[in-house]
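Okay, here's what each chain looks like letter by letter:
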Amino acid sequence: MIFVTLGNQNFQFKRLLDKVESLIRNGEIKEEVVAQIGHTEFQSKFIRTIDFMSKEEFDKHIGSSTFIISHAGTGSIISCLLKNKRVMVAARLKVFDEHIDNHQLEITNVFQKKNLIIALNKELSDLPLKIKNINSFNLDKFRSNNNNFNENLFHIIEKL
């Protein structure tokens, strides 16, 4: 199963779902596709859509997926990486009214430079090739810095 997540913000990201659906229709995607679509208005005969999920349901879909196609939200990306999943990332773009600015491009670039994700181009035209070659990407393993951050924060607080 391929899991697609668009996050929960009140913006549309139909462009990504349309692209995924076209790949199912032309046979380039043969697996079941489940999508958490948030506020995006989208109906499909080919993609099982769920508007919103609990954290447990979201984690379950990540865990049972072969890979994830995600918007460039840090929470979504890190949730996938913590489960050691390959994640393709598509940035929501202001020009399509998918967000208020292009900060998701910046997020995508940071994760891509760290070799943690498979970044999709702005047009999403590379999605078919990247799906076909999903297992050939040699990605680095994500290592959370939360413990170090928390320890440093406690030291700062103790000194106050």
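Residues numbered from 1 in each chain as written. Predicted model: local features only at pLDDT ≥ 70, side-chain atom pairs only at ≥ 80, totals over all residues. Heavy atoms only, no water.

Caption draft 1: Summary view of helix α3 (residues 74–82). For α3, every residue scored as buried is listed here: Ser76, Ile77, Ser79, Cys80 and Leu81. In this structure, the buried side of α3 is in contact with β1 (2–5), α2 (55–64), β4 (67–71), β5 (87–90) and α4 (103–113). The first or second residue beyond α3 is Asn84, which carries a positive phi of 55°. (Buried < 20%, exposed > 50% of the residue type's maximum accessible area, 1.4 Å probe, protein only. Helix = DSSP H or I, 4+ residues; strand = E, 2+ residues; numbered from the N terminus. Contact = heavy atoms within 4.5 Å.)

Caption draft 2: Spatial organisation of the environment of Ile156. Within the element layout of this structure, Ile156 appears in helix α6 (residues 146–159). A sequence separation of 107 residues divides Ile156 from Thr49, and the C-alpha atoms of the two residues are 45 Å apart.

Caption draft 3: Representation of the pattern of salt bridges in the model. As enumerated under the stated definition, the model contains six salt bridges in all. Salt-bridge contacts for Arg48 lead to Glu32; the nearest nitrogen and oxygen are separated by 3.7 Å. Taken as a pair, Arg48 in strand β3 (residues 48–50) and Glu32 in the loop between α1 (14–25) and β2 (33–36) lie far apart in primary sequence, 16 residues in all. What makes Glu32 partly exposed here is its relative accessible area of 47%. For Asp59, the salt bridge identified is with Lys55, shortest N-O distance 3.1 Å. (Salt bridge = Lys/Arg side-chain N within 4 Å of Asp/Glu carboxyl O.)

Caption draft 4: Quick peek at unusual backbone geometry. Positive phi is not limited to glycine here, since Asn84 has a value of about 55°. Topologically, Asn84 is positioned in the loop between α3 and β5. Look at Asn84 and you get exposed, because its relative accessible area is 52%. You will see that Asp97, though not glycine, has its phi angle at about 60°, which is positive. Relative to the assigned elements, Asp97 resides in the loop between β5 and α4.

Caption draft 5: Examining the pairing of β4 more closely. The buried fraction of β4 is high, at five of five residues. Side-chain alternation along β4 places Phe67, Ile69 and His71 on one buried face and Ile68 and Ser70 on a second face that is also buried. Bridge count for β1 against β4 is four bridges, and the pairing is parallel. Residue pairing across strands places Thr5 opposite Ser70, the latter belonging to β4. In this region the chain leaves β4, passes through α3 and returns to the parallel neighbour β5; the handedness of that crossover is right-handed. (Pairing = 2+ DSSP bridges. Right-handed = clockwise from strand over helix to strand, strands pointing away.)

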